[in-house]
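Understanding the architecture of this molecule
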Amino acid sequence: MDTEVHIVGGGLAGLVAARRLATDGADVTLFEREAQVGGRVQTHTVDGFTLDRGFQVLFTSYPAAQRELDLDALDLRSFAPGATICRPNSRAVLADPLRAPGAALESAFNTEVTFTDKLRTLLLRFGLTQKDSESFFNGPDIPIREYLSERGFSPAYVDNFVAPFYGGITLDRSLSTSKHVFEYTFRCLSTGQTVVPAAGIEAIPQQLARRARESGVTVETETHVESVTAESEGVTVATAETTYQGDAAIIATPAPEARRLSGVESIPTDTAGCVTQWYTLPEGIKFETGKQILLNAASSRPNSVVPASEVAPEYSPEARTLLNATFLGAESQTREPEALLSDTREALSSWYPERSFDGLELLATDRIPDAQFSQPPGVFDGLPAVDAPAGPVFLAGEFTEWSAIQGALESGRHAAAAVTDKHRTGLAEPVLRVQTFPAERRE
Ligand SMILES: Cc1cc2nc3c(=O)[nH]c(=O)nc-3n(C[C@H](O)[C@H](O)[C@H](O)COP(=O)(O)OP(=O)(O)OC[C@H]3O[C@@H](n4cnc5c(N)ncnc54)[C@H](O)[C@@H]3O)c2cc1C
């Protein structure tokens, strides 16, 4: 394909689109505003600790992850299935007996969740693993809470387990998010591993960027694109200093910037956010909790605590303990770091009264108000197609699919395919609109 394509934004979506088009023979330049690519998937090093920006995990069952990533090369570390439900003076393990038989007995005696709820969970798991993978984001939509209530789950199960667990995934502990997100992630959790790369979550975009460069993509970092203009004969991409002519452009920025650059009004702009903190304990003090996420059943401050160094010892230097806590809700965005630290100290002390957390030390606080685009019921019916802008301008980004690594990777593939289709059918010709679909519906 003898086409010059400019890509604006070097997150997961832009990187996948760039590599696919370059592999197809296009001359691809990717412009990234920041000093490094990766977008929302970032990792920092503080005092030798590996700290992801926000708590982020990869589901190995994401079809797009299997397609776009070399999972073996990421040297993945796995969480244990299930979760530990915590409240003052009580910790209860909830495991999937089919996938973690070792925890099944403990799980069977978990009094946080009734036997009927456990049975319903297994039935739901069976139903969703049988469901046609192309139909997940289709059809009538309702909030997660209503969906679970309709299926007979008890309010205690919903409040003690689902609210903190899926609240952490959707960044919405009220469970007013679309049931489609719940169903899709529930299936992913049931059919694959929950993992992080040993070198930090940023190993994912680093691998994508390396493969893109190897395919011939030119990556221009610290280059802020100010405008993208469709011309009669191609497209002009402008920075403050330079204009670039090309045959096609893909706008792969976060949703609000994509809306500004493209003018497409169906791009959603409401966001969901979180605040995360990273902590360590004094040298020599271990916190052996196992590799499960700790859910706060009693309060949302914090919503959950992750024993990161139990899951990935490589995240910590010299066998030190590393913990992450996630806070949800608008008020957490303005709460002082020291106040958030004391919330976590208080919660951990109440869950583990036999231990002292006086030495819990704060390493970093990340405030991320725009971690995801909001996904209320019905949102997926109105998302833009990758070829929604006029002429040879295309969209890539999670906001064309759903808000997750899967959605971002998949949108990059769909955008690249749309550019290729348009080129093959003649760039000057209007082409049949390619409707993007969430997940792997276009397989
Ligand atoms: C805290 C947090 C936790 C998350 N947890 C998970 C999780 O556990 N599992 C999961 O699957 N997903 C998770 N996600 C979601 C996932 O990270 C995102 O869906 C995905 O990274 C979005 O990728 P993207 O390429 O669509 O957008 P982005 O990553 O936002 O990339 C867009 C890029 O465009 C660049 N850009 C913007 N404007 C311009 C411009 N004018 N010119 C040039 N460049 C520009 C930006 O700098 C950025 O690099 C999480 C996200 C966050 C923030």
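Just so you know, these numbers come straight off a predicted model, no measurement behind them.

A word on the site of the ligand
Taken together, 35 residues form the shell around the ligand, and within it Gly-9, Gly-11, Gly-39, Gly-54 and Ala-408 come nearest. Elements that contribute at least two residues to the shell around the ligand include exactly helix H1 (12–23), strand S19 (361–373) and helix H12 (405–425). Per-element accounting of the shell around the ligand gives the leading share, four residues, to H12. Looking at the shell around the ligand residue by residue, the class counts come to 15 nonpolar, 14 polar and six charged.

A word on the pairing of strand S14 (residues 248–251)
Taking every second residue as pointing to the same face, both faces of S14 are buried, with Ala-248 and Ile-250 on one and Ala-249 and Ile-251 on the other. Across three bridges, S14 lies against strand S20 (residues 393–395) in parallel orientation. Note on S20: the bridge partner recorded for Ile-250 is Phe-394.

Some points on the domain arrangement of the protein chain
Interface size is commonly expressed as the accessible area that is lost once the parts come together. For the protein chain, the assigned domains are domain 1 (4–41 + 202–268 + 383–425), domain 2 (43–62 + 72–78 + 271–373) and domain 3 (96–191). Centre-to-centre, using C-alpha coordinates, domain 1 lies 32 Å away from domain 2. Counting residues at the interface gives 14 residues for domain 1 and 10 residues for domain 2. When residues of the side of domain 1 that touches domain 2 are traced back to their parent elements, those giving at least two are helix H8 (203–214) and H12. Looking at the side of domain 1 that touches domain 2 element by element, the count peaks at three residues for H8. Residue composition of the side of domain 1 that touches domain 2, by class: eight nonpolar, three polar and three charged.

Focus: the sheet that holds strand S5 (residues 58–59)
Taken in spatial order, the three strands make up an open sheet running S5-S9-S6, and their pairing is antiparallel. For this open sheet the edge positions go to S5 and strand S6 (76–78), each flanked by a neighbour on one side alone.

About the criteria used
Residues numbered from 1 in each chain as written. Predicted model: local features only at pLDDT ≥ 70, side-chain atom pairs only at ≥ 80, totals over all residues. Near = placed C-beta within 6 Å. Helix = DSSP H or I, 4+ residues; strand = E, 2+ residues; numbered from the N terminus. Nonpolar A, V, L, I, M, F, W, Y, C, P; charged D, E, K, R; others polar. Buried ≥ 20, exposed ≤ 12 C-beta atoms within 10 Å, placed from the backbone. Pairing = 2+ DSSP bridges. Domains from an automatic or database assignment. Contact = placed C-beta atoms within 7 Å.

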